[in-house]
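# Inside the fold
Now for the letters of each chain:
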Amino acid sequence: TRLLKVAAAQVGKIDIDTPYEEVVQRMIALLDQAHDKGIKLVNFPELTFTTFFPRHIIPFGPELDKWYQKGDVTKFDPFKPFFEKAKEYGIAVCVGYAELTDDDEHYNTSVFVDQAGNNLNKYRKMFLPGDKEPLENVPWQHLEKRYFLEGNLNWKAFRWPGTGTGHGGPIIGQLICNDRRWPESWKILGLQGAEIVCIGYNTPVSNVVEPGKASQMVNSDSSEAMATFHNELCLQYNSYHNCCYSLCSARTGVDDGKYSLIAGTTIVDPQGVIIAKSKTNEDELVWAEIDLDSCYPPRNRAFNFARHRRPEEYKLIVEQ
Ligand code: CDT
């Protein structure tokens, strides 16, 4: 066996004016719980440190750019106490944030920082949902196509050494929110042997079904149930056919008293079974002890890619 204690940290409501310091203190409280349990990896949501700002219309320029971080995010003063605490505890973290590059490019990004504080990998969200131009007659926007460029770092799986689990360390992959709905992103990680996929999300309870028609904005218990069902469906099936664990962290709660995001933070095993799940829509640590070896019986048989795949038949998938 190759046992490892891992966690998916769920982060509750963050309002538009919630200061970084408050969020960081809450994130540290989640690390404290993880430390008490001997957890080695804590996954955090998409854009963990702020409210989900793409729901707002914000003018381009300095007003928008203040939502982003430049340079090494672990060195950004307001976030430093979080990364320092993780290092002090010897906990690796995967965290989402809004990235602004030196070339003035904007990305929806997550970093994987190991237990010694090293940046092991950076991932930039590939599938950006929503719109480039604001919609009319809707109670809120989803402007990811306006505020972010599509990711350009592909889906790179990488080793995370120093965990004591052998084989050079677990093989990790990262996805961000909408990426989890697309089998291609998982398969590319699966083909590289990813054993743990770290995912963060901001999934609204209700969405625009048909642009321009406010009446098509669904907001009811049944839409929350459906959004949660689709979340689990994606995580369970894609973990199953890629024979990997997934740690899936929600930014949840009702931001500013009106913007509701689903909860449903989960840990899924290589059989597609949910082995741990959040019970609230607040800050919550969801954790499990996993056995990386359990990725291999299905990999060696039903989902032995080398034996069963038919890549020569997949041309349509890569046509423009
Ligand atoms: N953040 C994010 O990617 N959310 C999407 C919903 C977008 S609806 C326009 C998701 O896939 O959950």
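Notes on the structure in this doc start here. (Residues numbered from 1 in each chain as written. Predicted model: local features only at pLDDT ≥ 70, side-chain atom pairs only at ≥ 80, totals over all residues. Heavy atoms only, no water.)

## So, the overall build of the chain
To be explicit about the condition: A run of DSSP states H or I qualifies as a helix once it reaches four residues; a run of E qualifies as a strand once it reaches two. Both are numbered from the N-terminal end. Radius of gyration: over C-alpha atoms. The globule rule applied is 2.2 Å multiplied by the number of residues raised to the 0.38 power. Each residue's exposure class comes from its accessible area (1.4 Å probe, protein chains only) as a fraction of the maximum for that residue type: buried when under 20%, exposed when over 50%, partly exposed otherwise. Pairs of residues are marked as contacts when any of their non-hydrogen atoms sit within 4.5 Å. Under the convention used here, a 1.4 Å probe and the Shrake-Rupley method define accessible areas, while residue burial counts only the protein chains that appear. Counted as positive: Lys and Arg. Counted as negative: Asp and Glu. His and the chain ends are not counted at all. Here the site of a charge means NZ on Lys, CZ on Arg, CG on Asp, or CD on Glu.
Each helix and strand counted, the chain has nine helices and 15 strands in total. The C-alpha atoms of the chain give a radius of gyration of 19 Å, which matches the 20 Å a tight globule of 320 residues would have. Projecting the C-alpha coordinates of the chain onto the three principal axes gives extents of approximately 55 × 50 × 40 Å. Going through the 320 residues of the chain one by one, you find that 55% of them count as buried. Sequence-distant contacts, at least 24 apart, represent 69% of the contacts inside the chain between residues at least 6 apart. Taken as a whole, the chain presents about 14,100 Å² of accessible surface, with 53% of it coming from carbon and sulfur. Seen as two clouds, the 35 positive and the 43 negative side-chain charges of the chain have centres 5 Å apart.

## Digging into the site of the ligand
For clarity, the cut-off: Residues are classed as near a molecule or strand on a simple rule: at least one heavy atom within 4 Å of it. Contacts described as polar in this section are N or O atom pairs within 3.5 Å, which, within protein, must combine one atom able to donate a hydrogen with one able to accept it, while residues neighboring in sequence count only if both atoms come from side chains. Amino acid classes used here: Ala, Val, Leu, Ile, Met, Phe, Trp, Tyr, Cys and Pro are nonpolar; Asp, Glu, Lys and Arg are charged; the rest, including Gly, are polar.
Neighbouring the ligand are 14 residues, the closest being Lys125, Cys177, Asn178, Arg181 and Thr203. Residue Lys125 places a side-chain N or O atom 2.7 Å away from an oxygen atom belonging to the ligand. Alone, the ligand offers 360 Å² of accessible surface; in the complex the protein occludes 89% of this. Class assignment for the residues of the shell around the ligand results in four nonpolar, five polar and five charged.

## Points about unusual backbone geometry
With glycine set apart, most residues show a phi of negative sign, and most peptide bonds adopt trans. Its identity as a non-glycine residue notwithstanding, Cys177 has a phi of 40°, on the positive side. Within the element layout of this structure, Cys177 appears in the loop between strand E8 (171–176) and helix H5 (183–191). One non-glycine residue, Cys243, adopts positive backbone phi at about 55°. For Cys243, the position within the fold is in the loop between helix H6 (221–241) and strand E10 (245–250).

## Digging into helix H3 (residues 80–89)
Spacing of three or four residues puts side chains on the same side of an α-helix, whose turn is 3.6 residues. Heads up, the condition is: By construction, the arc corresponds to the directions joining the helix axis to the C-beta atoms.
Buried within H3 are the following residues: Phe82, Phe83, Ala86 and Tyr89. Across the axial projection of H3, the buried residues extend over an arc of 130°, all falling on one side. Next to the buried residues of H3 lie helix H1 (20–37), strand E4 (92–100) and strand E5 (106–113). Residue Gly90 follows H3 closely and has a positive phi angle near 70°.

## Some points on a nonpolar patch on the surface
How we decide: Only residues whose relative accessible area exceeds 30% and that form no salt bridge enter a patch; like-charged residues are grouped when within 9 Å of one another, and nonpolar side chains (Val, Leu, Ile, Met, Phe, Trp, Tyr) when within 5 Å. Salt bridge, as used here, is a side-chain nitrogen of Lys or Arg placed within 4 Å of a carboxyl oxygen of Asp or Glu.
Judged by side-chain polarity, Met226, Phe229 and Leu233 come together as a nonpolar surface patch covering roughly 290 Å² of accessible area. Counting through the fold element by element, Met226 comes out in helix H6. Given a relative accessible area of 44%, Met226 falls into the partly exposed group.

## Description of the packing of H1 against H3
The line we're drawing: As a rule, the C-alpha atoms of each element are fitted with a line to give its axis, helices using only the stretch in contact, and angles between N-to-C directions run from 0 to 180 degrees. Should an angle fall under 35 degrees it is taken as roughly parallel, and over 145 as roughly antiparallel, whereas 65 to 115 is taken as roughly perpendicular and any remaining angle as oblique.
The geometry of H1 relative to H3 is characterised by a closest axis approach of 9 Å and an angle of 10° between their N-to-C directions. Considered as vectors, H1 and H3 are oriented roughly parallel to each other. In contact with Val24, Met27, Ile28, Leu31, Asp32 and His35 of H1, H3 contributes Pro81, Phe82, Lys85, Ala86 and Tyr89. When grouped by side-chain class, the residues that make up the contact of H1 with H3 number eight nonpolar, one polar and two charged.

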